[in-house]
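Topology and contacts: notes
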Amino acid sequence: MGDLQIMAFKAKPGKRARLEELARYNVPMLRRSGYVTSRPANMLWTENDTLIAVFEWVEGGKERAKAHPDVRALAMDLSEVGIRVPLNALPKDRVEHAIGTEASFAS
């Protein structure tokens, strides 16, 4: 079992749809590159337009992904449409739900 990644981004005004589009692209791209496991990835929105995404890295995948140009470009795109939210600022029940829900990302 790899390490779980829990990311949260608050959509910038008018950018919710683009943030979701990028988030839905993220895991399949990482999976094709061999950086994340086949474990279903989960995504949900909170009431205040914050997107929580959960997926699992393969061993060493996170470190290798940091050097991949597509991953770096995606990180820049995400920062243009969302603001990273620290996990301790999220409602605990929403994070727990995101970790436990069924897959909502395409493979």
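Our subject is the structure listed above.
Residues numbered from 1 in each chain as written. Predicted model: local features only at pLDDT ≥ 70, side-chain atom pairs only at ≥ 80, totals over all residues. Heavy atoms only, no water.

Brief notes about unusual backbone geometry
Although it is not a glycine, Asp49 sits at a positive phi angle of roughly 65°. Among the structural elements, Asp49 can be located in the loop between strand 2 (42-45) and strand 3 (50-56). (Helix = DSSP H or I, 4+ residues; strand = E, 2+ residues; numbered from the N terminus.)

Structural notes on the packing of aromatic side chains
Scanning all chains against the criterion turns up one aromatic pair. The lysine or arginine in question, Arg16, covers the ring of Trp45, its NZ or CZ lying 4.0 Å from the ring centre. (Phe/Tyr/Trp six-rings, centres within 6.5 Å; stacked < 30°, edge-to-face > 60°. Lys NZ or Arg CZ within 6 Å of the ring centre and 35° of its normal.)

A word on the pairing of strand 1 (residues 4-11)
In terms of burial, strand 1 is a largely internal element, six of the eight residues being buried. Looking at chain direction, strand 1 and strand 3 are connected through seven bridges and run antiparallel. Pairing of Phe9 across the sheet is with Leu51, part of strand 3. Across three bridges, the pairing between strand 1 and strand 4 (residues 82-84) is antiparallel. What sits directly across from Ala11, in strand 4, is Gly82. (Buried < 20%, exposed > 50% of the residue type's maximum accessible area, 1.4 Å probe, protein only. Pairing = 2+ DSSP bridges.)

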